[in-house]
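Secondary and tertiary structure notes
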Amino acid sequence: MKGDFTMNSKFEKIKVLESSNTKKELNINSYGEEQARAVLKFHKQIEEYKKTPLVCLPNLASKLNVGSIYVKDESKRFLLNAFKGLGGSYAMFRILCDELNLNPDTTSLNDLLSEKYKKRLEQIEFVTCTDGNHGRGVSWASGLFGCKAHVYMPYGTAEVRAEAIRKVGPAKVEITDLSYDDTVKYALEMSKKYGWILIQDTSWDGYEKIPTWIIQGYLTMAYEITEELENLNVIPTHIFLQAGVGSMAGGMIAYFVEHYKNKKPIFTIVESNVADCIYRSAEIGDGKSYSVGGAPTTIMAGLNCGTTCSLIWPIIWNYTDFYISGSDDMAVDGMRAYAFNKGEDLKIISGESGASTMGALLGVLTESSMEEMKKKRFYAITIDFFIACFMAWVVDTIISLIVTPSPPFVMFPTACAMQLFMYWFFCKDCCKGMSPGKRIMGIQVINLKTHNIAGPLRCVVRNLCYCMNFIEFIIFFASPKGERIGDILTSTRVVEKDCNLRQELKSVVFTFIVFLFIWILGVVISYVKLKSFAM
């Protein structure tokens, strides 16, 4: 990203910590330009290799008032929809070269896959722990080399993630009842018990060579980025990197530091706030890495790691400028920003972990707009209130002309008007998530689960919470963004109007007809009862 901005520490969805560490020079040659070229040389030999796009988002950059925003779209990497295959495949290549006593500098992929080594490769078995994409990379790479693989996943992993790993390669997958860190230990035990080769993207004392190769595998991504930016004559000023154990983030930081030298960008590490081991380690500030215990759960499954990679921690600690710890809402915002881009910005389909950096960027740059959104919502409610009052007055006046307001019909026109007032307030957001007030203010209600316009029924249930009167408005004014109880209960959010969102009109028309029928039916029944009472 190009352009300057200022970070504060008061955000709703994210916490921002500025590094207080004094920078010093480290030996990062293992992740430098020369190593990156060697890794890229290997990856180019893979049939499915294709440089992934560096997507420019000029419209979003203009909206956020920064020079430019570039996103490395790894959803097209090796048909795996993730960058993890880079690390797994390169590490496996280096491991197999070691096992077969081959020189990796002179051995090609075709050499390794030749008939000469086929039987020996079939006898080699790998094992790893993953909460998603690393396991897919290992499974896919084991299929590429003709090896076997075993993948263990932590407690809480969705079966669909396990099935995704099985689909891309021959790995046997098992979901354990352990946390991520304990599953890593379990994979280590299995490797020792059965003689399998552990291929893990985190490290500890005595286990550093293979994680180094995995991290080096990610350098292909960094090399592609710098190559394309140089063609555009762009030098990035800020780089946001998501982190679980920190392997990818640390490797990328090392490469960019070595590449840009005295023009080093400002680096920001982004984590889930339930597994923010890097953030908490930096917050303690003694230069050591600390773990997050328990079995945390987050939609950012790829970042749900409680222990930092010890191998890469010194690089992260030394060169990172800011640390961000964010809630799941941060990832949701990022996904939505990518999927519903406007203008000439290309749409990007991203998972929760990959979108966390965009969510963090939005959180940092749009914090000041939270108060503005609150004002817009207040103005919209006020406009809707006066519209409802006008409608009620019109109905009261018309019914008063039709029905003489004498006993027992004295309050009949007013009661009918108030009932219409109430029903209209329930239905006001049903059409495209916008009441007249919201339409004027340029905002609308979306469903956080689908990232699309909130349906009519959801809007009605949301607005039923207006019945809580003072409690609803106390919550509204207390919330930084003016969220209501209705928003929380129905998983909705009020955002800037997005013309790209679509809604079927049938359900909208049906909802209005139902409530109009209920109102008319109520008026008729009330009139009949009062008429019989008068007689």
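Read on for a plain summary of the structure. Bear in mind the structure is a predicted one, so any value in this text is a computation, not a measurement.

Some points on the overall build of the protein
Assigned secondary structure in the protein consists of 22 helices and 13 strands. On the principal axes, the C-alpha backbone points of the protein span a range of 105 × 45 × 40 Å. Counting every position in the protein, which comprises 535 residues, the buried fraction comes to 55%. A separation of at least 24 residues holds for 73% of the contacts in the protein among residues at least 6 apart in sequence.

Section: helix α19 (residues 456-464)
Taken as a whole, α19 has its buried residues at P456, C459, V460, R462 and N463. The buried residues of α19 occupy an angular sector of 160° when projected down its axis, which confines them to one face.

Considering the packing of helix α6 (residues 133-145) against helix α7 (residues 159-168)
Between α6 and α7, the shortest axis-to-axis distance is 7 Å and the interhelical angle comes to 20°. Judged by the angle between their axes, α6 and α7 are roughly parallel. Crossing geometry of α6 relative to α7 is assigned as right-handed. Facing α6, whose interface residues are G135, R136, S139 and W140, α7 presents A164, I165 and V168. Residue composition of the contact of α6 with α7, by class: 4 nonpolar, 2 polar and 1 charged.

Notes on the packing of aromatic side chains
In total, this model carries 20 aromatic pairs according to the counting rule given. Ring geometry for F385 versus F386: centroids 5.8 Å apart, planes at 75°, classification edge-to-face. With centroids separated by 6.0 Å and ring planes inclined at 85°, the aromatic side chains of F385 and F421 adopt a geometry described as edge-to-face. Separated by 36 residues along the polypeptide, F385 in helix α16 (residues 369-402) and F421 in helix α17 (residues 412-427) bring together distant segments of the chain. Here the basic side chain of K428 rests over the ring of F425, its NZ or CZ set 5.4 Å away from the ring centre. Over the ring of Y466 we find R484, and its NZ or CZ is 4.0 Å from the ring centre.

Concerning the sheet that holds strand β13 (residues 492-496)
What the 3 strands build is an open sheet, ordered β12-β11-β13; its pairing is antiparallel. The sheet is open, and its two borders are formed by β12 (452-453) and β13, each paired with just one other strand. In the sheet, strand β11 (residues 443-447) pairs with β13 via 5 bridges, with the strands oriented antiparallel. Among the inter-strand pairings, I446 is bridged to a residue of β13, identified as R493.

Structural notes on the pairing of strand β6 (residues 172-175)
Looking at chain direction, strand β5 (residues 148-153) and β6 are connected through 4 bridges and run parallel. By the bridge assignment for β6, V151 is matched with V173. Between the parallel pair β5 and β6, the chain is carried across by α7, and the sense of this crossover is right-handed.

As for unusual backbone geometry
Positioned with a positive phi, N101 is a non-glycine residue whose angle comes to about 55°. When its relative accessible area of 72% is taken as the criterion, N101 is described as exposed. Even without a glycine there, the phi angle at K261 is positive, about 50°. A relative accessible area of 55% places K261 in the exposed class.

Rules used throughout
Residues numbered from 1 in each chain as written. Predicted model: local features only at pLDDT ≥ 70, side-chain atom pairs only at ≥ 80, totals over all residues. Heavy atoms only, no water. Helix = DSSP H or I, 4+ residues; strand = E, 2+ residues; numbered from the N terminus. Buried < 20%, exposed > 50% of the residue type's maximum accessible area, 1.4 Å probe, protein only. Contact = heavy atoms within 4.5 Å. Arc of directions from axis to C-beta. Axes fitted to C-alpha atoms, helices over the stretch in contact; angles between N-to-C directions. Parallel < 35°, antiparallel > 145°, perpendicular 65-115°, else oblique. Left-handed = near helix turned anticlockwise from the far one by under 90°. Nonpolar A, V, L, I, M, F, W, Y, C, P; charged D, E, K, R; others polar. Phe/Tyr/Trp six-rings, centres within 6.5 Å; stacked < 30°, edge-to-face > 60°. Lys NZ or Arg CZ within 6 Å of the ring centre and 35° of its normal. Pairing = 2+ DSSP bridges. Right-handed = clockwise from strand over helix to strand, strands pointing away.

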